[in-house]
Amino acid sequence: MIETLRMLAAAGVLLGITAARPAREADYFSPFALARHSGERRLYVAGQTARQIAVYDIGGGQILGRIPLPDAPGGLCLSADGSRLYVTGGSASGRVFVVDARSGGILETLPAGHTPVSPLLAPGGGRLFVLNRFSNAVSVIDLASGKQTALIPVLREPVAAALTPDGRRLLVANLLPAGPADGDYIASRISLIDTESLRLVRHIPLPNGSTAVRGIAVSPDGRYAYAVHVQAHFQLVTIQLDRGWMNTNVLSVIDLAAQRLLRTVVLDEKTLGAANPWDVACTPDGRYLVVSHAGTHELSLIDREALHERLGRLPPAPDPGARASFQTALPPPDFRILESIRRRVKLAGAGPRGLAIAGSTAYVAEYFSDSLGAVEISLEGGRARSLPLGPQTPMTPERLGAYLYHDASRSYQQWQSCSTCHPDARADGLNWDLLNDGVGNPKSTKSHLLSHRTPPAMLSGVREAAEVAVRAGFRVILFSPRREADAAAVDAYLKSLTPVPSPYLVHGKLSASAERGRAVFEKAGCASCHPPPLYTDLKTHDVGTGKGIDAGRPYDT
């Protein structure tokens, strides 16, 4: 499927040239999350851009029906008896739709926070936990009354969660590091919540440089949790990609009894990256772990028992949160741990994201090919199948650009994609030392949102426009120069992005406090350099904050 996408793109078909009418975003299904009831052969597939749920019969290999939604879904889960489907509506005015799983009708709409994702039902089905991504909190909803009974603050952008089998602990994956990017320890953490007291127990530190924590799962025996993420080597100058110089892609194993990191395992091989791990699942018998790699379009099938046997022979890992463990340069990645106990399976579809296990088969949502991947869970051979979820709509430039932006398969040795350092085209929360403005002066990753409308590009304004920065990124960050048509498609994708409404708005408007802040902003003359609507004068200024070799250097407004 991936080679087919490339061939069609080269022929112009993916750009919609042969389409009877221009394709729209809603013409794509964009599967990204799956839910399955253990006693049935139905799989519920959330389609992000289609704003619907597809009901897929994995026994008959066909779609049984589609459930339209008022909002783009942000996640879904099923009740224990499979009768109700809980779907979060991924908007600023967050909602949870309670859906009759048989008829597809919306029975009830429950309130949630800003961009709710990844709902989870507590054992017994009386409470629903919902992650509010941009409110940085977990809503606890009582399903009998339909009201929120608690709001538990976490860290920065919670996007995935898992419950222990007894339901007493909720683990929340925070996508990005919280706090300033110029400290000694900069990493995402896993929030551990006591579901009885509804209190935060602790934030479990991940290794320095951990970011883009997309997926988390708990072993069937409740002893371990597994989080997949990127481990950035932001302490190093970005001169190469060999052996994970800039980024490695990892699986962090958490000891739940000790409430600490047991070990972080590299998912890459020495000369072949496994970029952008997205989701992780454990088979019900506990034998295997399955990891989806969104950047390299593959699954990793890992012998979990053999993994823990190997980890048991290693010395304990240092606590990443302890100051004594801070390191300016991380030790070289250990690529040997998964040798012979992991199989990498190339998928027939593109853009794998959410996972579901049914018997001995792993199913994965293939976002960019609008399909469902199916792989037999075994360390022996076996090809992946790709099951279509709708018609193959020709790609618009924006859609093709999104695919290329997230695709690591053509970067040098598949180590990373644009989205590795810019998850969802925004920032990774880290400082990087790029070579375009000298060495020894790291700067925060910039969001690509509105970058084409606000030249120059880069914090020090060294690229005159975002178009120049896109092409330089392919050349000196991915070490894989692209043809002009590919770069233009990425430009189109980035130009299509729209801002998410601020979580500080109240019913879409400025609060009384914010109105006072606006008055101060205007009286102090801030608007002279930060005029609306983009809040930049499109110039560079020396504002006196440069340090070292950046002293006296102007910065982009």
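Look a little higher up for the structure.
Note that the structure is predicted; figures quoted are calculated from it, not measured.

The next point concerns the overall build of the chain. Broken down by element type, the chain carries seven helices and 32 strands. Relative to the compact-globule value of 24 Å for 557 residues, the chain shows a C-alpha radius of gyration of 23 Å, a close match. Principal axes of the C-alpha set define a box for the chain whose edges measure 65 × 55 × 55 Å. Across the chain, contacts joining residues at least 24 apart in sequence account for 52% of those joining residues at least 6 apart. About 23300 Å² of surface is accessible on the chain, with carbon and sulfur atoms providing 54% of the total.

Below, the discussion takes up unusual backbone geometry. Cis geometry marks the peptide bond from Pro455 to Pro456, where omega comes out at 0°. Turning to its location among the elements, Pro456 is positioned in the loop between strand E30 (443-444) and helix H5 (466-476). The linkage connecting Pro532 with the following residue, Pro533, adopts the cis geometry, with an omega of 10°. Counting through the fold element by element, Pro533 comes out in the loop between helix H7 (512-523) and strand E31 (540-541). Although it is not a glycine, Asp424 sits at a positive phi angle of roughly 55°. Locating Asp424 in the fold gives a position in the loop between helix H4 (418-421) and strand E29 (431-432).

Ordered by their spatial adjacency, four strands build an open sheet running E13-E14-E15-E16, and the pairing between neighbours is antiparallel. Two strands lie at the open edges of the sheet, namely strand E13 (156-163) and strand E16 (199-205), each paired on one side alone. Neighbouring strand axes in the sheet, compared pairwise and without regard to direction, differ in orientation by 25° on average. Bridge count between strand E15 (residues 189-194) and E16: six bridges; the pairing is antiparallel. Each bridged residue has a counterpart across the sheet, and for Ile190 the counterpart in E16 is Ile204.

Of all ten residues that make up helix H3 (residues 397-406), eight are buried, and the element is covered over most of its length. The set of residues buried in H3 consists of Arg399, Leu400, Gly401, Ala402, Tyr403, Leu404, Tyr405 and His406.

So, about the pattern of salt bridges. The full count for this structure, using the stated rule, is 25 salt bridges. Taking the shortest distance from any N to any O, the salt bridge between Glu467 and Lys495 comes out at 3.8 Å. In this pair, Glu467 sits in helix H5 while Lys495 sits in helix H6 (residues 484-496), placing the two residues 28 residues apart along the sequence. Accessibility expressed as a relative area gives 26% for Glu467, which makes it partly exposed. Overall, Lys495 belongs to the exposed group, its relative accessible area being 52%. Counted as one network, the salt bridges with shared partners bring together Arg133, Glu157, Arg214 and Asp424.

Turning to the nonpolar core, a few remarks are in order. Soluble globular proteins tend to pack their nonpolar side chains together in the buried interior. In terms of nonpolar packing, the biggest core is built from 38 residues, with Tyr44, Ile53, Leu76, Leu85 and Leu494 touching the most fellow members. Leave out the neighbours within four places in its chain, and Leu494 touches Tyr405, Ala425, His448, His452 and Val470. One finds Tyr226, Leu251, Cys282 and Ile341 within the second-largest nonpolar core, a separate group that totals 20 residues.

Now for the pairing of strand E7 (residues 95-100). Bridge count between strand E6 (residues 84-89) and E7: six bridges; the pairing is antiparallel. By the bridge assignment for E7, Gly89 is matched with Arg95. Hairpin remark: E6 followed by E7, antiparallel, with five residues in the connecting loop. Direction of pairing for E7 relative to strand E8 (residues 106-111): antiparallel, over a ladder of five bridges. Each residue of the ladder has a partner; that of Arg95, found in E8, is Pro111. Adjacent in sequence and paired antiparallel, E7 and E8 are bridged by five residues, among which Gly104 carries a positive phi angle near 85°.

Once that is clear, we can look at the packing of H3 against H6. Following both chains from N to C, one finds H3 and H6 inclined at 105°, their axes separated by 7 Å at the closest point. Judged by the inter-axis angle, H3 sits roughly perpendicular to H6. Listed contacts from H6 to Pro397, Glu398, Leu400, Gly401, Ala402, Leu404, Tyr405 and His406 of H3 are Asp486, Ala489, Val490, Ala492, Tyr493, Leu494 and Ser496. Here the residues of the contact of H3 with H6 sort into ten nonpolar, three polar and two charged.

Procedures and definitions
- Residues numbered from 1 in each chain as written.
- Predicted model: local features only at pLDDT ≥ 70, side-chain atom pairs only at ≥ 80, totals over all residues.
- Heavy atoms only, no water.
- Helix = DSSP H or I, 4+ residues; strand = E, 2+ residues; numbered from the N terminus.
- Rg over C-alpha atoms; globule rule 2.2 N^0.38 Å.
- Contact = heavy atoms within 4.5 Å.
- Areas by Shrake-Rupley, 256 points an atom, 1.4 Å probe, with all protein chains shown as cover.
- Pairing = 2+ DSSP bridges.
- Axes fitted to C-alpha atoms, helices over the stretch in contact; angles between N-to-C directions.
- Buried < 20%, exposed > 50% of the residue type's maximum accessible area, 1.4 Å probe, protein only.
- Salt bridge = Lys/Arg side-chain N within 4 Å of Asp/Glu carboxyl O.
- Core = buried A, V, L, I, M, F, W, Y, C linked by side-chain atoms within 4.5 Å.
- Parallel < 35°, antiparallel > 145°, perpendicular 65-115°, else oblique.
- Nonpolar A, V, L, I, M, F, W, Y, C, P; charged D, E, K, R; others polar.

By themselves these figures say nothing about function.
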